[in-house]
Amino acid sequence: MRQLKQTWTISRVDFHIVEGDLFEVPVSAIVNSEQTDFHLAGNLNTISGQIRHRYGATVQDELDFQTQRTILPVGTILSTR
């Protein structure tokens, strides 16, 4: 169950603060900004860990291919399926 907390619009983009499970909300993207090595965590209490747990090795494989397993500069953005 999710509960809407607040909504606002900036430059025609709608932002919503919702209490609930991020992975059960219809979204266009999930942003994970925990580290610059793009290695998904094993800790299920983090977004990174939940991505790994819920979507499996496929996402990590895509990240590894894009980064060649190197640390990238802060602010680097990668996209996965």
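Going by the structure above, here's the rest.
Note that the structure is a prediction, hence the values are computed from the model and not measured.

K.L.:
Mind showing me how you'd approach unusual backbone geometry here?
P.N.:
Leaving glycine out, the prevailing phi sign among residues is negative, and the prevailing peptide bond configuration is trans. Positive phi is not limited to glycine here, since F38 has a value of about 55°. Along the chain, the position of F38 falls in the loop between β2 (13-19) and α1 (47-55). The phi torsion at R69 lies on the positive side, around 60°, for a residue other than glycine. For R69, the location among the structural elements is in the segment after α2 (57-67). Residue classification places R69 among the exposed positions, given a relative accessible area of 67%.

K.L.:
Help me out: how do you make sense of the nonpolar core in this one?
P.N.:
A general feature of soluble globular proteins is that nonpolar side chains tend to end up buried together. Counting residues in each nonpolar core, the largest one holds seven residues, listed as F23, F38, L40, I51, V59, L63 and L72. Not counting the four nearest positions on each side in its chain, V59 is found in contact with L40, I51 and T80.

K.L.:
When you look at the pairing of strand β1 (residues 3-10) in this model, what are you seeing that I'm missing?
P.N.:
Sheet faces and side chains relate simply in a regular strand, where the side chains alternate between the two faces. In terms of strand pairing, β1 meets β2 through seven bridges, oriented antiparallel. Bridging across to β2, Q6 finds its partner in I17.

About the cut-offs
- Residues numbered from 1 in each chain as written.
- Predicted model: local features only at pLDDT ≥ 70, side-chain atom pairs only at ≥ 80, totals over all residues.
- Heavy atoms only, no water.
- Helix = DSSP H or I, 4+ residues; strand = E, 2+ residues; numbered from the N terminus.
- Buried < 20%, exposed > 50% of the residue type's maximum accessible area, 1.4 Å probe, protein only.
- Core = buried A, V, L, I, M, F, W, Y, C linked by side-chain atoms within 4.5 Å.
- Contact = heavy atoms within 4.5 Å.
- Pairing = 2+ DSSP bridges.

So yeah, pure geometry; function would need other evidence.
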